[in-house]
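# Report on the structure
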Amino acid sequence: MAHVHVEGKAAALALLALAILLLPAAIPGNAYEGGRSAHPPPLAGAADAPLTIDSAPLLGIPVLTDGARLSVSTPLGSIIASDAATEGILLSEYRSYNLSFHVSLSDPLVSILVETDPVAEWAFPGQLPGGADNLPGLSDWAWSVWAGGSNDSANWTTTPNGTELARSTPLVNQSFEVQGSSRPSDLVQLSNGTEFGVSTPAVGFVMANPVPPGPGNRSAAELLGVARSLQPQVIRFGLSSVNAITGWDNQSGQPILNFSVFDSELSFIESVPARALLSVPAGSWGDGNFMPPGMPLNQSLNVSFYGSIGQFPDLSAYATLIGAIVNHTVDAGENISYWNIGNEVPVFPTSDAAGYAQVFNVAAHAIHHRLPRALVGSDVLTVRAGLPTLSAELQGVGFLSYHLYSSTSICIRSGAYCPPTATGPGLSDPLLLTSGVGLSKRYFYAPHLAQELWFNATHRWLPVLDTESNLDTVGGGVLTSSSGTDPRMQSLVAASWVTSMLISGAAENLSEFTYFNLQRAYPGSGTITAPLGGWGFGLTGVTPNRTVASFAPYWALALWAHAFPAGAPPTPVVVADPSLVRAYAAENGSGRSIVLANLVDVPVRVVVASNGTGQVARSVEYLDGSTYQQPFNESNGTAYLAGSGLGNHSFSPGQKAFTLGGYGVALVHLTPPSHNGTGGNGSGNSSGGSGNSSGGSGSGNSSGSGGNGSSGGNHTGSGNSSSGNGSGGHGTGGTSQNTSQNTSQNTSQNTTQGRQNRSNDTSGNSTGGGSSTPGGNHSLGAGGQGATNLPALSAHGALSGPILRLWQWSLLLLTGGIVLLAVRSGWRPRRPD
């Protein structure tokens, strides 16, 4: 609230107040082309500004909102007041906006109190395509206000709530430029011991396209390399997505099935290797969809879902269908670890839940008849409305699961895409990375609570899987072909989101996180959002010249999977300011690692403290704006992938800090001092991008040059060097796993995860030359640094050299790939089983 007070000869006038709420207008056409203004960089606001702000608003004071007009009666007549805020410069941690105040009649003898919310304005909520950035609070900014080329900061101060700036000023036309820069620090402390009630989830993905590949996919061999690089524990595919269901023979009462692609899919999954999760249709959404055409349905129960009415399958016919699938897998020697019955089936009201329980029980009985140890479950078993009925009536349940999409809509107005806002369609970045990364207060129970409720009802403790997740649920399918997908799905904000979801899942005892999905075409076309980066759901995309483009969430999942085997013992880690950074630490067989997610769109200086553990930071692999670029061209409204990859930095002795760019993800490798190399005075610290050396008097820390590889392939850099008399080791150009991992996970059903033998898997796709192409054959240069001639990490972990590059001015949050899905109504997508 802005309080108007009177000074000088107007002392007898009544009190007047104007509250100026500043919301940005559309981005001006030259907003990112005009360059900096002539005055110096922003300065911190004065702490002793001569201004007192009341803690409570006065009653009856007129309020002026942005874009509105307010008539105020004064001795000089009625004065119309208005305000406007326009975006200025957006350069990562440096931002500005312009505030203009207009009155129809000036009265310099009347003073008003103007308040503005800098963080909300610096977030640029009107920017395409991502909307408002998530930013630190005002206390983490160095700010200054300029008026007419002069520093006006001494006349401004923060309001009592600590979120706004305020100034007493005459009631006349005037304008201000509000500048700010932010590079906050955050302390991450690792402790000894084990986190109880926490479990490291495995990584998985959905194969929405069949293998052999459908339109847009690469060959099975090339796709296998992409899949292996993520080290998935679970790969989900659907009976419908592999075109196994072709019809129903009414004379014989048998389904007509074709298992040719089905068998290829299972062979592919076994070759990765990973466990298979098969999604079997159950009259999904209650209308018999994805069931064999002509198959009998249960006409006695009408199931309502989003305004449509349908039926579940006839129970006898459904038992025949499931039996035919099971018999084929057994006879062919194929292994399916998880059988998921139905896809987002309606389980409310209670009659729908009871009808689905009958379908589930028939399927579980048919599966367990020949596969008594198979795990049978569904994605609706944690739904709040259905859990009481399902937990009481279901038989043979082996696992619980859910589908998680933090945002469930995108903004379309008058046939055009609009960026998400705090109150409109879509979930803005600040909401997405705060409330959107939690697992509570949703339509389903959080994993650990669902486990407890099922245990109370059945006396069985069941594993929980997230069998389908992405940043947003909206898909550009048949009925949403005009709208496309959320343009942030392939962006750095999506990488930060997916890492946060893994951290949240670990705290909730989640067993596995399945991303939707592995690969789609890129860059796509035909939808409103395709030019903006709305390319679909894929972790990777196939370019028109048939190369693989790896998107930001792909690198985030690869960092997690390479750091932590499934069920890795978690280690206590505390973050000083969790609104800036989220962290998770666990044992990985050769030491401990910490995964970090930067939740804000400014660089954060991360300080890693061992807190008495005796462990030191050895190296860090990172994904941020220096290694992944997806610029948005304001002039023609299009986005493209300019660079994709990971960076790598080896810590010098005693170094504890590094700077992680906005929305970045990092993996910090820790090694106790006793793990250093031996021999003379040599040290042997090793990392993905540094050379190993020992012996003699060599120092041993040398950077290896990047190796050559293709997406998901195995590679090591040449990197052999010497310092003193110490011989250098091998440097790798990206994320490298040089140890074989034997992992197993025992569920409460005494099921054992298959042994995963992996060695020398890398996700870095590096070449020594440092060139990058949109096709995804990026390089990570010497020592694993990003391959697009971007600044390297200095010895102190900060970005050195000029970082305010032109392309960063419009580095926004974009996405990639196309998915052909259907929608029942509204923005609800229909995904294949």
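I will try to describe carefully the structure that is included in this document. Just so it is clear, the structure is predicted and the values come from calculations on it, not from any experiment.

### Section: the pattern of salt bridges
Tallying each qualifying case throughout the model produces nine salt bridges. Here D601 ties to R95 by a salt bridge, and the two come within 3.4 Å at their closest N and O atoms. Taken as a pair, D601 in the loop between strand 35 (592-598) and strand 36 (604-609) and R95 in strand 7 (residues 94-103) lie far apart in primary sequence, 506 residues in all. The two residues D601 and R95 agree in class, both being buried. Connected through salt bridges with shared partners, the residues R95, D133 and D601 form a single ionic network.

### Notes on the sheet that holds strand 42 (residues 665-671)
For sheets, the rule is that strands pair by backbone hydrogen bonds, running either parallel or antiparallel. With antiparallel pairing, the six strands of this open sheet are ordered in space as 32-34-35-42-37-40. The strands lining the two open edges of the sheet, one partner per strand, are strand 32 (570-571) and strand 40 (647-650). Its contacts with the sheet place helix 9 (residues 492-507) against strand 34 (581-587), strand 35, strand 37 (616-623) and strand 42, and it is angled at close to 130 degrees to strand 35.

### Some thoughts on the environment of V206
Along the chain, V206 falls in strand 15 (residues 202-206). Along the primary structure V206 and L277 are separated by 71 residues, whereas in three dimensions their C-alpha atoms are 9.0 Å apart. For V206, the residues in contact, after removing those within four places along its chain, are R236, T467, T514, Y515, F516, N517 and L518.

### A closer look at the pairing of strand 28 (residues 512-515)
Side chains E512 and T514 project from strand 28 onto one buried face, and the interleaved F513 and Y515 project onto a second face that is buried too. The pairing of strand 15 with strand 28 spans four bridges and is parallel. Its bridge partner being in strand 28, V203 is matched across the sheet by F513. Here three bridges tie strand 27 (residues 464-472) to strand 28, and the two strands are oriented parallel to one another. Bridge pairing in strand 28 places S469 opposite Y515.

### Side note on the sheet that holds strand 29 (residues 519-521)
Here we have three strands laid out as an open sheet, ordered 29-30-31, and mixed in their pairing. Both outer strands of the open sheet, strand 29 and strand 31 (548-550), are each paired with one neighbouring strand and no more. In this sheet, adjacent strand axes meet at a mean angle of 30 degrees when their direction is disregarded. Inspection of the sheet shows strand 29 paired to strand 30 (residues 540-542) by three bridges, in the parallel sense. Counted as the bridge partner of A521 is V542 from strand 30.

### Quick look at the nonpolar core
One finds Y318, W339, Y356 and L390 to be the most contacted residues of the largest nonpolar core, which totals 124 residues. Among the nonpolar cores identified, the runner-up in size contains 48 residues, and Y97, W143, L190 and V606 belong to it.

### What about the packing of aromatic side chains?
Considering all chains together, one arrives at 20 aromatic pairs under this definition. Aromatic pair Y402 and F444: ring centres 4.6 Å apart, planes at 15 degrees, arrangement stacked. Linking Y402 in strand 24 (residues 399-407) with F444 in the loop between helix 7 (429-432) and helix 8 (447-458), this pair joins segments that are 42 residues apart in sequence. This pair shows no difference in class: Y402 is buried, exactly as F444 is.

### Things to note about helix 4 (residues 315-331)
With 17 residues, helix 4 should reach 24 Å at 1.5 Å per residue; the first-to-last C-alpha distance of 24 Å fits that figure. When helix 4 is considered as a whole, its buried residues turn out to be A317, Y318, L321, I322, G323, I325, V326, H328 and T329. One side-chain oxygen of the residue at the start of helix 4 lies 3.2 Å from the amide nitrogen of S316, identifying that residue as D314. Trailing helix 4 by a residue or two, G333 shows a phi angle of about 70 degrees, which is positive.

### Remarks on the environment of P210
For P210, the location among the structural elements is in the loop between strand 15 and helix 2 (220-229). P210 sits 58 residues away from F268 along the chain, and the two C-alpha atoms are 10.0 Å apart.

### Comments concerning the environment of S401
If you trace the backbone, S401 turns up in strand 24. With 20 residues separating them in the primary sequence, S401 and L381 have C-alpha atoms 6.5 Å apart. Those residues within four positions of S401 in sequence are excluded, and the remaining contacts are N340, S378, D379, V380, L381, T382, L465 and T467. Here D379 takes part through its backbone nitrogen, which lies 3.2 Å from a polar atom of the side chain of S401. Engagement of the side chain of S401 in a polar contact is seen with the side chain of T467, the distance being 3.4 Å.

### Concerning unusual backbone geometry
Trans peptide bonds make up the majority, and among non-glycine residues the majority have a negative phi. Here the amide bond leading from L128 into P129 is cis, since omega sits at 0 degrees, within 30 degrees of zero. Mapped onto the secondary structure, P129 falls in the loop between helix 1 (118-122) and strand 9 (142-147). Residue P273 is bonded to the preceding V272 through a cis peptide linkage, with omega at -5 degrees. Residue placement: P273 occurs in the loop between helix 3 (260-271) and strand 19 (275-280). We note that E344 has phi near 55 degrees; this positive angle belongs to a residue other than glycine. Residue classification places E344 among the buried positions, given a relative accessible area of 7%.

Reading the values: rules and limits
- Residues numbered from 1 in each chain as written.
- Predicted model: local features only at pLDDT ≥ 70, side-chain atom pairs only at ≥ 80, totals over all residues.
- Heavy atoms only, no water.
- Salt bridge = Lys/Arg side-chain N within 4 Å of Asp/Glu carboxyl O.
- Helix = DSSP H or I, 4+ residues; strand = E, 2+ residues; numbered from the N terminus.
- Buried < 20%, exposed > 50% of the residue type's maximum accessible area, 1.4 Å probe, protein only.
- Pairing = 2+ DSSP bridges.
- Contact = heavy atoms within 4.5 Å.
- Axes fitted to C-alpha atoms, helices over the stretch in contact; angles between N-to-C directions.
- Core = buried A, V, L, I, M, F, W, Y, C linked by side-chain atoms within 4.5 Å.
- Phe/Tyr/Trp six-rings, centres within 6.5 Å; stacked < 30°, edge-to-face > 60°.
- Expected span 1.5 Å × (residues − 1).
- Polar contact = N/O pair within 3.5 Å; in protein donor to acceptor, adjacent residues only side chain to side chain.

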